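Descriptive structure summary
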Amino acid sequence: MNSIKLLIVDDNYEKVGLIGEIVSGHDYISLDYCNNVREALVLLREKSFDILIVDMVLPKVLGEQPNSSAGAELIDILFNNNNNTYNIPLEILAVTCHDDAFLLNEKRMESFGIAFLLTGSSADKLRVILNNKIRYCLSYKSNASASLCDGNSLGEPENITIKWLLAHVKLSQWVAFFSILLAIFVAGFNVSKLEFGKAPPKEISVKSNTSSS
């Protein structure tokens, strides 16, 4: 099974623990964690992740007070990654437990096409969404691996035999092929008839005018 790499950017340790519980027991999932925007950008520059979970209310750097739109700024940096400095994950999930931060950033997340979840006392919705994203990433990576294997399994070229031609060439292609051959044969035959029907060129005798002395 393909491995799934998950990055959590959140300064709420209870929420981080909750996400850890949701994915616990799945050996194919590895977790990375940080609690500020600057550290998240360093990780996203150095590593590739399949899923990114971003809290909206974060410190921009370690030691600063949390900012209500810091998470949105992190996502904005990723989507404007014109020089490919950062590795953009397959799936991104924005979360917050603050009503005001949800209202502040809701339209911004919609413009990015990112799922935005207002977490509360119940973890059911977070569990469902995260599990769906994990399944999507597994399916995506499995399909990508299968395509890569198909591309690398060409092997040695097959011998072109009558049996191979009958199996791989369509009837319409055979008809077109023989039509071309027939047209070439007819054209050649007509040319040969023209050449055959021509009278042989008359010999021109050159008389030598010699004067007798």
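Right, let's walk through the structure included here. Nothing here was measured: the structure is a model prediction, and the numbers come from that model. (Residues numbered from 1 in each chain as written. Predicted model: local features only at pLDDT ≥ 70, side-chain atom pairs only at ≥ 80, totals over all residues. Heavy atoms only, no water.)

1. Let's talk about the overall build of the chain
Helix and strand counts for the chain come out as seven helices and five strands. Put simply, the chain runs from its N terminus to its C terminus through helices and strands in the order β-α-β-α-β-α-β-α-β-α-α-α. Relative to its 213 residues, the chain shows a buried fraction of 30%. Taking the contacts inside the chain whose residues are at least 6 apart along the sequence as the reference set, 64% of them involve residues at least 24 apart. Here the chain has roughly 14,600 Å² of accessible surface; of this, 56% comes from carbon and sulfur atoms. (Helix = DSSP H or I, 4+ residues; strand = E, 2+ residues; numbered from the N terminus. Buried < 20%, exposed > 50% of the residue type's maximum accessible area, 1.4 Å probe, protein only. Contact = heavy atoms within 4.5 Å. Areas by Shrake-Rupley, 256 points an atom, 1.4 Å probe, with all protein chains shown as cover.)

2. Re helix α1 (residues 13-23)
For α1, the full list of buried residues reads Lys15, Val16, Ile19, Ile22 and Val23. The buried residues of α1 occupy one face: seen down the axis, they fall within an arc of 115°. Exposed residues on α1 whose side chains face more than 90 degrees from its buried face are Tyr13, Glu14 and Glu21. Where α1 starts, the residue carrying a side-chain oxygen 3.0 Å from the main-chain nitrogen of glutamate 14 turns out to be asparagine 12. Positive phi shows up at glycine 25, right after α1, with a value of about 90°. (Arc of directions from axis to C-beta. Polar contact = N/O pair within 3.5 Å; in protein donor to acceptor, adjacent residues only side chain to side chain.)

3. Considerations on the packing of aromatic side chains
What the rule picks out here adds up to four aromatic pairs. When the centroid spacing of 4.7 Å and the interplanar angle of 25° are considered together, the rings of phenylalanine 102 and phenylalanine 116 count as stacked. Of the two residues, phenylalanine 102 sits in helix α4 (residues 99-112) while phenylalanine 116 sits in strand β5 (residues 115-118), which places them 14 residues apart along the sequence. With respect to class, phenylalanine 102 is no different from phenylalanine 116; both count as buried. (Phe/Tyr/Trp six-rings, centres within 6.5 Å; stacked < 30°, edge-to-face > 60°.)

4. With respect to the sheet that holds strand β4 (residues 91-96)
Judged by pairing direction, the sheet is parallel, and its five strands sit side by side in the order β2-β1-β3-β4-β5 without closing on themselves. The open sheet has two edge strands, β2 (29-34) and β5, and neither has a second partner. The mean angle between the axes of side-by-side strands here comes to 20°, regardless of whether they run parallel or antiparallel. In this sheet, β5 lies alongside β4 in parallel orientation, the contact comprising four bridges. Within the sheet, the bridge partner assigned to leucine 93 lies in β5 and is alanine 115. In the packing of α1 onto the sheet, the strands contacted are β1 (4-9), β2, β3 (51-55) and β4, and the crossing angle to β2 comes to about 175°. On top of the sheet, helix α2 (residues 37-46) reaches β1, β2 and β3; it is set at about 140° to β2, its chief contact. (Pairing = 2+ DSSP bridges. Axes fitted to C-alpha atoms, helices over the stretch in contact; angles between N-to-C directions.)

5. Let's talk about the packing of helix α3 (residues 70-79) against α4
Between α3 and α4, whose axes approach to 11 Å, the crossing angle comes to 20°. The pairing of α3 with α4 is recorded here as roughly parallel in orientation. α3 and α4 meet at a crossing whose hand is left-handed. Residues Ala72, Glu73, Ile75, Asp76 and Phe79 of α3 lie in contact with α4, whose contacting residues are Asn105, Arg108, Met109 and Phe112. Taken together, the residues of the contact of α3 with α4 sort by class into five nonpolar, one polar and three charged. (Parallel < 35°, antiparallel > 145°, perpendicular 65-115°, else oblique. Left-handed = near helix turned anticlockwise from the far one by under 90°. Nonpolar A, V, L, I, M, F, W, Y, C, P; charged D, E, K, R; others polar.)

6. Some points on the nonpolar core
Within the largest apolar cluster, 26 residues are counted, with the highest numbers of intra-cluster contacts made by Val9, Leu44, Leu52, Met56, Leu74, Ile75 and Met109. Mapped onto this core, the elements with two or more residues apiece are β1, α2, β3, α3, β4 and α4. Every residue in contact with valine 9, bar those within four places of it in the chain, is listed here: Cys34, Asn36, Ala40, Leu52, Ile53, Val54, Asp55, Leu58 and Leu74. In this structure, Leu6, Ile29, Ile134 and Cys137 belong to the second largest nonpolar core, which totals 18 residues. (Core = buried A, V, L, I, M, F, W, Y, C linked by side-chain atoms within 4.5 Å.)

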